[in-house]
Amino acid sequence: MKCQGCCTFPHGQRSIFLFISSISAYLFAISASWGCYFIDVNATLSSREGSGGRLYDDFGAGFGLFSYEDGFDNKENNFNWICYAYSDEQLENLDSSFKTARGIAVVANAMIGVAMIFFLCTCCVQFSPVALKLIGALMVSGGIAQFMTFIVFSSDLCSDPYECKFYLGAFICIAAAVTAIVTGIFANCLPASVEPFTSDTGGKAREPFEPGTVTETETIMPDGTTKITRTTVNQDGSKTIEETVYDPPGADDDHFEDDEAL
């Protein structure tokens, strides 16, 4: 891992996709996990006879992993549905499936968040191919864990007489998982980190080179000879360097070549 300067994109401009998609995956993940719109819970709690026939008292509200909708607090909110965090008493009454889903959500958010930070660094930091694969695997694992939060639908909250349906947060959760997995897989498609090469550019920013790029630099040595360095970036990320040294005008025309494969 080596810093090359801000916005030099050592892995090429394709890393911009990782930059955007990793942020999107993290925002989707925290929105799905911490909102109160993951599950739409409905039930008919009671019925009674009315002038127009039998009347049913239906219940419906949104529940999330860490908060829930409450439309019964009319003291300050005038029956507006807003999100409330679960109380300690409510948390004690949650079954194992619900608690497991909460724990998995925290782990998934952490995995995706850490991988996102590393992918944001690809705009200025060179990572080895192994490091990129590990970061990608972390992002994919976070996406899979995000999918596993759906075990909340097997909790007692969704047992009779309650009926559970996908709410907005569930669809956002799917978007988070898919985005994270695609981002992690795409990390393996980035070109290997390549050491940027430049001639004397007067302090201008160096630019990265992708496999197949050939560059030449000319350097005047202290003894008056001229060294031409030809650098070829191979498909596997290695570099082939060919150096040719020319004697100054008027001197012998002898020169030598030194081929080195890194």
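Since the model is a prediction, treat every value here as computed from it, not as a measurement.

### Concerning the pattern of salt bridges
- Enumeration according to the criterion identifies 2 salt bridges in this entry.
- In this structure, lysine 227 engages glutamate 243 in a salt bridge whose closest nitrogen and oxygen atoms are separated by 4.0 Å. Here the residue lysine 227 occupies a position in strand β9 (residues 226-233), and glutamate 243 occupies one in strand β10 (residues 239-246), the gap between them amounting to 16 residues.

### A closer look at the state of the cysteines
- Summed over the entire model, instances satisfying the criterion amount to 2 disulfides.
- Through a disulfide, cysteine 36 is tied to cysteine 83; the S-S separation comes to 1.9 Å. For the disulfide bridge between cysteine 36 and cysteine 83, the dihedral angle about the S-S bond is near -55°, and by the sign convention the bridge is left-handed. Of this pair, cysteine 36 sits in the loop between α1 (15-34) and β2 (39-50) while cysteine 83 sits in strand β5 (residues 82-85); the two residues are 47 residues apart in sequence, bridging distant segments of the chain.
- Across the disulfide, cysteine 158 is cross-linked to cysteine 164 (sulfur-sulfur distance 2.1 Å). The sign of the -100° torsion about the S-S bond sets the cysteine 158-cysteine 164 disulfide as left-handed.

### Here we look at helix α5 (residues 168-186)
- Along its 19 residues, α5 runs 27 Å from first to last C-alpha, staying within 8% of the 27 Å computed at 1.5 Å per residue.
- Along α5, the residues classified as buried are Gly169, Ala170, Cys173, Ala176, Ala177, Thr179, Ala180, Thr183 and Gly184.
- Looking at the buried residues of α5, the elements they touch are α1, α3 (96-120), α4 (129-148) and β7 (163-166).

### Brief notes about the pairing of β9
- Note: strand β8 (residues 214-220) against β9, 7 bridges, orientation antiparallel. By the bridge assignment for β9, threonine 219 is matched with lysine 227.
- Following β8, the chain reverses through 5 residues before pairing antiparallel with β9; glycine 224 in that reversal takes a positive phi of roughly 95°.
- Hairpin connection of β9 to β10: 5 residues between the antiparallel strands, including glycine 237 at a positive phi of 95°.

### Re the nonpolar core
- Ranked by size, the top nonpolar core spans 21 residues in total, and within it Ile39, Phe63 and Val152 carry the most contacts.
- Contributions of two or more residues to this core are made by β2, β3 (53-63), α3 and α5.
- At 3 residues, the largest contribution of residues to this core is made by α3.
- With residues up to four places along the chain from it excluded, the contact list for phenylalanine 63 reads Cys36, Tyr37, Phe38, Ile39, Val41, Tyr68, Tyr86 and Leu157.

### Section: the packing of aromatic side chains
- All told, the structure shown has 13 aromatic pairs when counted by the stated rule.
- Ring geometry for phenylalanine 150 and phenylalanine 153: centres 6.1 Å apart, planes at 20°, overall stacked.
- Aromatic side chains phenylalanine 150 and phenylalanine 166 sit 5.3 Å apart centroid to centroid with 20° between the ring planes, which places their arrangement in the stacked category. In this pair, phenylalanine 150 sits in the loop between α4 and β7 while phenylalanine 166 sits in strand β7, placing the two residues 16 residues apart along the sequence.

About the criteria used
Residues numbered from 1 in each chain as written. Predicted model: local features only at pLDDT ≥ 70, side-chain atom pairs only at ≥ 80, totals over all residues. Heavy atoms only, no water. Salt bridge = Lys/Arg side-chain N within 4 Å of Asp/Glu carboxyl O. Helix = DSSP H or I, 4+ residues; strand = E, 2+ residues; numbered from the N terminus. Disulfide = S-S within 2.5 Å. Expected span 1.5 Å × (residues − 1). Buried < 20%, exposed > 50% of the residue type's maximum accessible area, 1.4 Å probe, protein only. Contact = heavy atoms within 4.5 Å. Pairing = 2+ DSSP bridges. Core = buried A, V, L, I, M, F, W, Y, C linked by side-chain atoms within 4.5 Å. Phe/Tyr/Trp six-rings, centres within 6.5 Å; stacked < 30°, edge-to-face > 60°.

The quantities given are spatial measurements derived from coordinates; they are silent on function.
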